[in-house]
Amino acid sequence: MALASELLALGLTAQQPEGYLGQSLVAMLPATGAVFGAVVAPREGNWVVEAQAGTRHPLPEDLLADALDREVPLARAGWVALPMGSRGRASAVCVLRLAENQPPPAELPQLEALAAILAAGLAGVTSRQSQRQRLQRLETVLEIVQQWNRTRELGPLLVQMAEAATRLLDADRASIFLWDRGTHTLVGRPALGVPEGELRVPEDRGVVGEVLRRGAPVRADAARHSQLIDRRIDAQTGYHTESLLAVPLRTAAGELLGVFEVINKRSGAFGPEDEAGLEELARHAAVALENAQDRQQLLANRRQLTEQAAGQVQLLGQSPAIEALRSVIRRVADTELAVLILGENGTGKEVVAQMIHYLSRRREKPFIAVNCAAIPEALAESELFGHERGAFTDAREARPGKFELASGGTLLLDEIGDLSLAGQAKLLRVLEERVLVRVGGSTPVATDVRVLAATNQDLAELVRQKKFREDLFYRLNVVTLELPPLRDRPQDILLLAEHFLHDFCKRAR
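For the structure given in this document, a descriptive report is provided here. Predicted, not measured: the structure shown is a model, and the values here were computed from it. (Residues numbered from 1 in each chain as written. Predicted model: local features only at pLDDT ≥ 70, side-chain atom pairs only at ≥ 80, totals over all residues. Heavy atoms only, no water.)

As a further point, take the pattern of salt bridges. What the rule picks out here adds up to 25 salt bridges. Residues R489 and D492 are paired through a salt bridge, measuring 3.0 Å at the closest nitrogen-oxygen approach. The exposure class of D492 is buried, given its relative accessible area of 1%. Members of the salt-bridge network, linked through shared partners, are E210, R213 and R214. (Salt bridge = Lys/Arg side-chain N within 4 Å of Asp/Glu carboxyl O. Buried < 20%, exposed > 50% of the residue type's maximum accessible area, 1.4 Å probe, protein only.)

Structural data, given as structure tokens:
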């Protein structure tokens with residue numbers, strides 16, 4: 001009774017299965033009159049000692065096999081074998097070597113009860129250890145996923161995923177195979193020893209092909225599953241595969257993206273815990289990969305739209321004045337200098353502003369043009385800097401202004417000479433501090449916008465008349481581009497006429 005209580009107490013406090021079994025055996029030896037005790041389990045045709053105590057003796061393998069097969073306690077030739085676990089589910093044996101000349105115990109059922117307590121305690125300790133390991137694994141996975149979410153490019157993301165899998169599962173190498181349905185191949189990266197670090201294999205070959213076909217994890221090692229390991233891939237990579245674990249990569253909707261594979265566990269073979277860990281990692285990896293692919297597609301679409309928009313912006317003309325203007329535009333486009341564009345109506349001031357934008361490093365960010373002459377004075381501040389909900393009568397919801405909409409890109413302030421003096425003062429403050437505050441708000445909003453200004457008026461004369469702020473004029477007038485009217489470049493008239501004729505014909509079909 002005292003021994004049973006001790007085993008129960010050990011089962012509630014022990015942290016490791018091996019420690020629990022060892023302490024339990026130490027307690028059982030004096031209580032049962034044994035000189036040696038062990039807990040053994042069958043593994044791949046051999047008896048593996050999970051824990052032992054006392055003076056080591058050769059194990060009675062026949063007795064162990066009989067006890068486990070019959071699932072009853074057996075005593076023979078100074079040994080007692082006690083199956084551990086419930087009937088039909090015993091998976092280990094507690095074996096005791098009795099002292100010399102000591103008769104076998106008369107109460108085998110009592111020993112059987114001790115074995116049951118030992119098995120229950122082991123199950124509890126193992127369960128707690130498994131929960132701790134799962135918690136640690138999930139914490140590690142969370143840290144890994146946070147790093148992945150900060151990585152936006154697909155190539156570096158794949159490398160980070162492979163490195164994370166090798167650390168988490170103590171593997172030598174890892175690869176992510178993405179399924180290219182069009183060519184019926186799996187594209188693996190990173191692949192060491194392969195040109196460009198990319199390995200292409202048919203979708204029906206090897207372990208990765210098996211995982212893709214079954215949609216389920218596969219564990220394999222060279223000794224028992226040699227038929228699954230494709231040695232042609234080893235020959236291609238110059239690497240010898242001993243053990244391998246691969247799991248499917250699925251989107252949240254269940255669509256197969258590919259296969260996540262780890263190779264050659266450094267200590268032993270991949271087990272169920274490794275499989276569960278890689279599946280957990282694969283679930284997060286699929287989300288990160290899908291997001292990265294969507295982002296790449298969006299970037300590609302944006303670049304395509306930018307190229308199309310840039311191709312439609314043309315400064316037509318072959319006159320010396322236009323050629324000189326193009327030269328200046330190319331020189332100032334990729335700077336952060338403020339540009340003041342002067343010219344009569346219809347000379348192409350907005351076209352010049354768009355050319356500057358599309359030739360700059362801001363080309364993939366927004367280009368926003370605002371006509372200052374068309375904004376009522378009372379709404380100028382709201383239009384440029386935005387407003388918060390309730391800032392004025394019709395402000396039913398918060399709205400960003402043109403500066404926020406153009407963030408990272410270019411803002412063209414057309415007809416800047418028609419902006420009120422109050423609006424000019426607020427504009428100057430934003431240009432100087434690069435910070436704005438919405439109407440009705442108090443939170444500063446940083447702004448990264450390149451400002452271009454255009455007008456058909458003589459700003460210098462407006463400054464002399466006190467109708468335009470001198471400090472704003474010098475802030476905007478860093479580089480001045482003057483667009484010549486068509487009457488000063490008659491050689492361009494026919495070129496423009498042919499261009500518009502062609503354009504109108506296309507529209508009219």
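Considering only enclosed or pocket space, the largest pocket measures out at about 920 Å³ in volume. Around the largest pocket, the lining is made up of 35 residues, and of these A41, R43, E50, T126 and P272 lie nearest the centre. For the lining of the largest pocket, the elements supplying multiple residues, two or more each, are α2 (17–32), β1 (34–43), β2 (46–54), α4 (108–149), β9 (218–221), β10 (243–250) and α8 (272–312). Take the lining of the largest pocket: its biggest share by element is 5 residues, from α4. Along the lines of polarity and charge, the residues of the lining of the largest pocket split into 15 nonpolar, 9 polar and 11 charged. (1 Å grid on protein atoms, 1.4 Å probe; cavity = no way out; pocket = protein on both sides within 12 Å on 5 of 7 lines; lining within 4 Å. Points joined across faces, edges and corners; volume = space filled by probe spheres on them. Helix = DSSP H or I, 4+ residues; strand = E, 2+ residues; numbered from the N terminus. Nonpolar A, V, L, I, M, F, W, Y, C, P; charged D, E, K, R; others polar.)

Attention now goes to the sheet that holds strand β6 (residues 171–180). The 6 strands lie next to each other as β8-β7-β6-β11-β10-β9, forming an open sheet whose pairing is antiparallel. Of all the strands in the sheet, the pair left with one neighbour each is β8 (199–202) and β9. Strand-to-strand twist in this sheet, taken as the mean axis angle between neighbours without regard to direction, amounts to 25°. Alignment of β6 against strand β7 (residues 185–189), held across 5 bridges, turns out to be antiparallel. Residue pairing in the sheet places D180 in a bridge with T185 of β7. (Pairing = 2+ DSSP bridges. Axes fitted to C-alpha atoms, helices over the stretch in contact; angles between N-to-C directions.)

Taken as a whole, this structure holds 4 aromatic pairs when the rule is applied. Judged by centre distance (5.5 Å) and plane angle (35°), the ring pair of F385 and F403 falls under tilted. Pair noted here: F385 is in helix α11 (residues 380–385) and F403 is in helix α12 (residues 402–405), with a separation of 18 residues, a long-range link. Here F385 and F403 have matching classes, each one buried. Ring geometry for F473 and Y474: centres 5.3 Å apart, planes at 65°, overall edge-to-face. Classification of F473 by relative accessible area gives buried; the value is 11%. In this structure Y474 comes out as exposed when scored by relative accessible area, which is 51%. (Phe/Tyr/Trp six-rings, centres within 6.5 Å; stacked < 30°, edge-to-face > 60°.)

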